[in-house]
Each structure stands twice: as structure tokens, then as C-alpha cells.
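Per-entry structural report
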Amino acid sequence: MRRVALHFGLLLTCAVILLPILWVVRTSFLPEPLSYSPELMPAATLDNYVALFTSTRYGQSYLNSLIVALGSVVVALPFAAMTGYAFARFKTGGRTGRFAVLATQMLPPVAIVLPAFALLRTVGLTNSLTGLIIVYAAVNLPFLIWILMGFFDGIPVDLEWAAQTDGATAWGAFWRIVLPVSLPGIAAAGVLGFILTWNEFLFALVLSGPQTATVPVALASLQTSNGVQIAKVSAGVVLAVLPLVIASRFIQRFIVQGLTFGSVK
Amino acid sequence: MSSIELDHVSKLYANGAYGVRDVDLSIGEGEFVIFLGPSGCGKSTTLRMIAGLEGISSGDLRIGGRSVNNVPPRDRNIAVVFQSYALYPHMSVRDNMGFGLKMRGVGKAVIDEKIREAAGLLGLTPYLDRKPAALSGGQRQRVALGRAIVRDPVAFLLDEPLSNLDAQLRAEMRLELVKLHRRLGRTIVHVTHDQVEAMTMGDRICIMREGSMIQVGKPLEVYADPVDTFVARFLATPPMNLIPARLEGRGDGLAVVGDDLDVPVPDMHRTAYAPVAGREVIFGLRPEDLHEAPQPGFARIDVTVVAMEALGVENILVGQIGGEGGKPVEIAARLSRHFTAPVGASVPLYLDARPMHLFDPETTRAFPRPALRIVRS
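Let us look at the structure shown here. Remember, it's a predicted structure, so these values are computed and weren't measured experimentally.

Reading the values: the criteria
- Residues numbered from 1 in each chain as written.
- Chains lettered and ligands numbered in written order.
- Predicted model: local features only at pLDDT ≥ 70, side-chain atom pairs only at ≥ 80, totals over all residues.
- Core = buried A, V, L, I, M, F, W, Y, C linked by C-beta atoms within 7 Å.
- Buried ≥ 20, exposed ≤ 12 C-beta atoms within 10 Å, placed from the backbone.
- Helix = DSSP H or I, 4+ residues; strand = E, 2+ residues; numbered from the N terminus.
- Pairing = 2+ DSSP bridges.
- Contact = placed C-beta atoms within 7 Å.
- Axes fitted to C-alpha atoms, helices over the stretch in contact; angles between N-to-C directions.
- Left-handed = near helix turned anticlockwise from the far one by under 90°.
- Nonpolar A, V, L, I, M, F, W, Y, C, P; charged D, E, K, R; others polar.

Formed by 156 residues in total, the largest nonpolar core has its most connected members in A:Leu148, B:Leu157 and B:Cys206. When residues in this core are grouped by element, the largest group, 14 residues, is from helix 6 (residues 129-153) of chain A.

Once that is clear, we can look at the pairing of strand 1 (residues 4-12) of chain B. All names here are of chain B. Note that strand 1 and strand 2 (residues 18-27) share six bridges and pair antiparallel. Note that in strand 2 the partner of Val-9 across the bridge is Val-23. Count of turn residues in the strand 1/strand 2 antiparallel hairpin: five residues, of which Gly-16 carries a positive phi of about 90°. Where strand 1 lies against strand 4 (residues 58-63), five bridges are found, and the strand directions are antiparallel. Bridge pairing in strand 4 links Ser-10 to Ser-58.

What follows covers the environment of B:Pro328. One can find B:Pro328 in the loop between strand 17 (315-321) and strand 18 (329-335). Separated by 69 residues in the primary sequence, B:Pro328 and B:Asp259 have C-alpha atoms spaced 8.7 Å apart.

Within a sheet, each strand pairs with its neighbour through backbone hydrogen bonds, oriented either parallel or antiparallel. Residue and element names in this part refer to chain B. Ordered in space as 2-1-4-5, the four strands form an open sheet in which the pairing is antiparallel. Across the chains shown, the open sheet's two edge strands, defined by having one partner strand only, are strand 2 and strand 5 (66-67). Relative to strand 5, strand 4 is paired through two bridges, and the arrangement is antiparallel. Counted as the bridge partner of Arg-62 is Ser-67 from strand 5. The sheet strands contacting helix 1 (residues 43-51) are strand 1, strand 2 and strand 4, and the helix crosses strand 2 at an angle near 65°.

Residues and elements named next belong to chain A. Their axes nearest at 5 Å, the elements helix 3 (residues 58-90) and helix 6 cross at an angle of 40°. Judged by the twist between their axes, the crossing of helix 3 over helix 6 is right-handed. A breakdown of the residues in the contact of helix 3 with helix 6 according to their chemical character gives 22 nonpolar, six polar and two charged.

Attention now goes to the environment of B:Leu169. Residue and element names in this part refer to chain B. Secondary-structure assignment places Leu-169 in helix 5 (residues 167-184). Residue Leu-169 is classed as partly exposed on the basis of its C-beta count, with 16 C-beta atoms lying within 10 Å. Along the primary structure Leu-169 and Gly-138 are separated by 31 residues, whereas in three dimensions their C-alpha atoms are 7.1 Å apart.

Attention shifts here to the interface of chain B and chain A. Counting from both sides, the interface comprises 23 residues of chain B and, opposite them, 20 residues of chain A. In the side of chain B that touches chain A, the residues fall into 16 nonpolar, four polar and three charged.

Written out as C-alpha cells, the structure reads:
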């Protein structure tokens, strides 16, 4: 009886979470005039998807999002890895240093976005993917540092000591032992950074232009004078969610996989 | 040259606490030395200082006569086997073993040859292409040893390498390590808190407590003549019996007197202990010096049985005697496997007082007496 109640509760929770997503998927396949229909599936068409790529800049925005999300992760990860390692292993900066880094995450984005715009304008990087990559790398860096610090904390120092007595320098031990061992953690941090950037709206709205808009901005721009084109927006959302679904599969595998299994004990 | 000298070496932490305090020790070339002590006594820190993994706050550390205080670990040519084994999880057994040689720029052919040799020696040949995760605890331990051996270092530092193994495997590996030492002839410093390892493996034991090295000597010498009550109790299981008592003059001789205790001091110790006569002492006697059968010269005590532990080869009797001021003192006796007694019963035991010790209750140090090799009648 308890199991039945438990499963019913779980099903209910799943339904609450999944129903809006399933409804969006359903709407994305409906012709625009039927998109608010109460019927489950009154018709089916791919027109919305085709229209997204033919009559809007969604394809360009999709590519922009991919470039910006991947680029910002590639730029931020090496810095995050080295800083996280220094915090974890050498206690660089002590607790104050750690929390100072974290404190930057506590500022509301709206407080940073205008100074960021002013900075980018000074160096001529507004309305450019490079500018977005730099800003996202900087904004995500504290978060990535904290995630990686946790992973590095979990790597036994014995491994580095063993490498050093085996003839490696401190850098050699980091490069040849710590980095490969913490690859799952670094990958997980990378995927999280990708997701954060992919979903971000405010910075993209302020710092990008029509050529450099990302997916969230492109979706917002589907609001026209005739109202929101909900079927097209739904199609855009379905496509926007796809990379996140793939990323979440990866992150699950990386996090579940043991970090240093077999190295000690 | 693989001698290791610690010349008044200390490790002082930023908070003012000493990890290691004024350790002065000379380890000869090819010697097998054991650092023994409870957790947190500084034995692993000392080992790491020798390896170069911990800085030295004061003193001088020399390896092969050369001061290495500021020499990084990679340039000391010392191999460390860690308690956790610290195998590189992303590398195969072969790559784990070859890593040190690769770091030193040794050619692939030589590395392969050395790995093959060490793997053969340690029975690891079938596992060379496996990752550490696919090995048992004992196999991982062997890989850690193999990684040390292939490098042909001047000395091996072993940090409790057997503590994660089960009892049977531990006994086997104990023997393997001793054989390996004989075969390689290299200096070995072995850290442990296991008294059996300490007694059976090393040429010398160095007993540490609270960062200091309190006694260094051959295992049987330290066992027979501990410098204080800590060493007396730490070096064996069951530990030495320590009974509060008083040393009194009796005619020409001396006697240790306490509640339920009256033991004449053997003639051989009379001169040494005469200056202590009239003082409170702690009377120390190992459990194997209590017997169930009387013999000439043995003193009798009556013991109330608290527990009997049958170990198969012998029986351990845990009992109580009155102790001074009526406070009961628990003592242990190693008796024959044929001896049994019900819990609560009072049984007579007979003391062979020749290996006895007297300790100062205030300082816990042993009152000096001539060194003694245990004499068995």
C-alpha cells in the first residue's frame, strides 16, 4: 500500500514537471490557428519548424548560442580549473578568497549588465560574439571555480605526492595526474557552464544585436504586433531544449561515474 | 649511498603546534627501520619530510651524506608507498609502474624490461594491462610496491602499506616485504601502528609519541627494556601490566608491595633499585611472566577472573587485583591453552619477577636498571 502511494506521488510529481513540456511539444506541431485549441492533437504539421528557419533568424541565433556557450566554457574552464585547484590544494587566499569569488555571484545580473555594456562599448565588442563569450566566461567563472574546487578537494593528495616522488614537478603532477583524474568533474562543470550560458537572457538581450542574438533573445523576438506566435515559439523552445537534454545525459554520466575509483584503498 | 640522517629535525605548524619535535636519528645504508606509534604521533609526517613532501622547520636532513632540506621530492630518488596506495586510476598497471621511469626520461625498452622484472617478482604479470579499479586490495598493494621497485631508488619509504589488507594477506605481505628487503638490500623506513609488524620486520624500532622519538632500538631490546610506561604498554597485546605499588626494604632485600601484591625484588635488580626504596612506584610485568604453576622464586598473587579469552594457542586471563587504596587494577596473563577458570573465581597466579620493571608514577619513566634480555627458565 505504501509503495502504491509512493509511486502515485512520484507519478503526480512527474506529471506536474512534464506536462508543460509535453504541451509545448504538442503545440509546436499544431498550425498556428489551432494552437490554443483545447483538443489534444487536432492536427499535425512541421510548418512551425520550417517557418522558424525560413522566415526568422532562428537558425543564425541557434548557431550563435552554440558558439557563445561553447566558447565561454572553453575560455572559462582552464581558469576555473587552475583557480579551483589552487583553492582546494594550496588554500590560496584562504576562506576570504573563496567567499570573495562566490560573492560576485550574489550580485543581481541587472547590476552588472550595464557596466558590462559600457566596458564592451569602450573596446568595441558590443553586438559581437567575442564580447558575449568574454562576458559569459567572466560571469560563469566563480560558479565553475566552486564546482571544480569541490572535485579537486575529493582527489587524494597522495596521488600528487606519489607523482612528485615519481619525478614529476608540481605542475607535472597537476597536468599528468590531477587533470586526467578530474576529467569527469571538469566535463560536468563544462556542461553546467554550457547550460547556464545557453539559457541566459538578460546579458544577451543587452549586449547582442540582430546578427548576434542568442536563442532566448530570438524566442522573445517572436512576439509580434499580432501577439505571440505561440506555435512557432513552441517549436523554438523544443529545439532550444534539445541540447540541454543531451547535456543533462552527459552530466548524469560524468557525475555518477566515480572520480578516483581504484586509485586508493 | 642510501643512509638517512635526521639531525634534530622539527616540523612546526603555523598554529604553533609541533608535528615533529627534535628528531635525531641515523639510519644506516640497507637498514630496515620501523617508525611505530599511535595515530597523530608524527611518524607519517617524519616520513613525508624524508620524502620531501613536507617542509622542515628546523634541523638538517641528509640522504647519502648530502643535505636535502631544500631538494624537491623528485630529486631525492626515494620511493614512497602510501597507505592508500595512491595508484593513478586512469593508467594501467604497466603505466603506473613505468610512470616514474618515464618522468626520468628512461627509454621505452628499459622501462618495459624493468616493469617485466618487477611484475614477475611481485606476481603481477597477468595484470599489467588492467586498471587499478579492476584489481583486489592485495594486487593494488603489490602494484604500489612494484611502482617503487622499478625505479631502483636509494631508499623505500612505506607509509602503513599493509593496514588496508585483511589479516591473512597482511601476514603474507609482511613476509614478502622482509624477503624483498633482503633481496634488494635497500634502506627501508616503514611506518606502522601495528606492533606485530614492528617486532617482526625491522632491524630497529623507533617509537614516537606526540611528535618526539622516545625510544630507538632493536625490537627485542625495546620490548625487554621500555623507557617508560607508554612504550611498555604500546609494544604488545595484551600490553604490559602496570600496577601501582610501593618499593619497600625487606631485610637485605627489596619488595614491591601493594594491595594483594607482595613481590620480592630479584637479587639481580637489588642494587639498581635500592635508591628507589621507600617510594611509590608502578610495577610493570608482561602478561607472559605470569604463570599458572608455581616455580621456585616465583611470587604468588590471587587474581579474580574478569574474562578468559581462548586464542587456541594460548588463553588470556583478564583479572583484577586489589591495587593500592582498594582501587582494583586490571591485569592480563598469558596462560596455557589448557588453563580455564570461571568468571568471578579467585585463582592463584605465579609471578616471574626477573623481567620486572619499576616506573616513576610522576614522570612515567622507567627507573634505571641494567638492560635485560629476557631469561626463560
